[in-house]
Amino acid sequence: MDGDNWRHKQDRLQAFLDTHGAGTAPYRVDLAEQKLYWVDTFGLSLVVADCKVLLSYAHSNRSVMMAWANSSLAPGSAIDRLEGFHDFYSDFTPEDVWLLASDCGSLVEAEALYRAPSPQSWVMLGLWNLRPGGPEQFHSASPKLHVQTVLKRLISHPYLAELTVLLDNYAESFLQLAGHTHKTTEFEAPLKDTARAMRNFLSLANEEQLESLRDGLKQLEATWDALP
């Protein structure tokens, strides 16, 4: 019965988007503001929904990270921890991911679900308060301060095992920013370059090369310092 309920919810979402000319429109996500926008070819908002992250799914190893366990997400953008759920799941199919997201969505009373895909992952969002765009327009504020704060945190992090996890998580979050919030802006390329460099640094995540890893992060920090 719950599956039928979600099919109806998703059908209503699609019908609302179609009605407002956003049925096939691109989207932008602002997790800091917890809003999802569907925009036209000029970047003007057609439809807006409030949103929170339910979970993310990595294609590379078919693993799921629940939103509350993802320290790289903007404050307030994740749903609260739900009883009876683990922080991580492994060996999940796409169908498993939808079922898990539906279970979470039901408990947080989401009005619809939305899959925000990238080449590396899916981010499953819960949606509320779907409405026409009108005066609510998407604005991609500079991510510079956020990236600098993350890099400073990583450079000074004392524990190697945790640093490895944080490198991978933040690299993924920067790719999501590049692919959604800052897509087609001047920050898309720097975010992608930073994420790729951080993933490459994972090969240096051992005690013997830890200083080389930190030096690499400092070089990234200097690159962002030079950006306007």
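The model shown is predicted, which means the values in this text are computed figures rather than measured ones.

Draft legend 1. Structural view of the overall build of the chain. Helix and strand content of the chain: 6 helices and 7 strands. Counted from the first residue to the last, the chain has its helices and strands arranged as α-β-β-β-β-β-α-β-β-α-α-α-α. A principal-axis box enclosing the C-alpha atoms of the chain has dimensions of 55 × 40 × 25 Å. Counting over 228 residues, the chain shows a buried share of 48%.

Draft legend 2. Expanded view of the packing of helix α4 (residues 160-181) against helix α6 (residues 210-225). At a minimum axis separation of 13 Å, α4 and α6 run at an interaxial angle of 35°. Every pair of crossing elements has a handedness; the one defined by α4 and α6 is left-handed. Touching Leu 160, Leu 163 and Leu 167 of α4 are Leu 210, Leu 213 and Leu 217, all from α6. In the contact of α4 with α6, the residues fall into 6 nonpolar, no polar and no charged.

Draft legend 3. Main features of the confidence of the model for the chain. Overall, the prediction assigns the chain a mean pLDDT of 91, with 99% of residues at 70 or greater. Taken element by element, the chain is modelled with least confidence in α4, mean pLDDT 84, and with most confidence in helix α2 (residues 94-107), mean pLDDT 97.

Draft legend 4. Quick look at the nonpolar core. Of all hydrophobic cores here, the largest spans 43 residues; its most connected members are Leu 36, Trp 38, Leu 55, Val 64, Met 66, Leu 125 and Leu 127. Broken down by secondary-structure element, the contributors of at least two residues to this core are α1 (2-19), β1 (27-30), β2 (35-39), β3 (45-58), β4 (63-66), α2, β6 (112-117) and β7 (121-132). Broken down by element, this core gets its largest block of residues, 7 residues, from β3. If we skip the residues at most four places from it in the chain, Val 64 touches Leu 55, Ser 56, Tyr 57, Asp 87, Phe 88, Tyr 89, Phe 92, Val 97 and Leu 100.

Draft legend 5. Quick peek at α6. With 16 residues, α6 ought to run about 22 Å at 1.5 Å a step, and its terminal C-alpha atoms sit 23 Å apart, in line with that. Listed in full, the buried residues belonging to α6 are Leu 210, Leu 213, Arg 214, Gly 216, Leu 217, Leu 220, Glu 221 and Trp 224. Relative to the axis of α6, the buried residues are bounded by an arc of 155° and lie together on one face. In this structure, the buried side of α6 is in contact with α3 (144-156), α4 and α5 (188-201).

Rules of the game
- The residue numbers shown here count from 1 along each chain, following its written sequence.
- Only residues with pLDDT of at least 70 are given local features in this predicted model, and only at 80 or more are side-chain atom pairs given and counted; all residues enter the totals for whole chains, interfaces and linings.
- The side-chain values count all of the structure's non-hydrogen atoms but skip hydrogen atoms and water molecules.
- Only DSSP runs of H or I covering at least 4 residues are called helices, and only runs of E covering at least 2 are called strands; the numbering of each starts at the N terminus.
- Remark: exposure states derive from per-residue accessible area (1.4 Å probe, protein chains only) relative to the maximum for the residue type, with buried under 20%, exposed over 50%, and partly exposed in between.
- Lines fitted to C-alpha atoms define the axes, with helix axes restricted to the stretch in contact, and inter-axis angles between N-to-C directions lie between 0 and 180 degrees.
- Crossing handedness follows the turn of the near helix against the far one: under a right angle anticlockwise gives a left-handed crossing, and clockwise gives a right-handed one.
- Here a residue-residue contact requires only that any non-hydrogen atoms of the pair lie within 4.5 Å.
- Any residue that is not Ala, Val, Leu, Ile, Met, Phe, Trp, Tyr, Cys, Pro, Asp, Glu, Lys or Arg is counted as polar, Gly included; the first ten are nonpolar and the last four charged.
- Along the chain, pLDDT gives the predictor's confidence residue by residue, from 0 to 100.
- Nonpolar cores were defined as sets of buried Ala, Val, Leu, Ile, Met, Phe, Trp, Tyr and Cys residues, with membership established by side-chain atoms within 4.5 Å.
- A helix is expected to reach a length of 1.5 Å times the quantity of its residues less one.
- The arc in question is traced by the directions running from the helix axis to the C-beta atoms.

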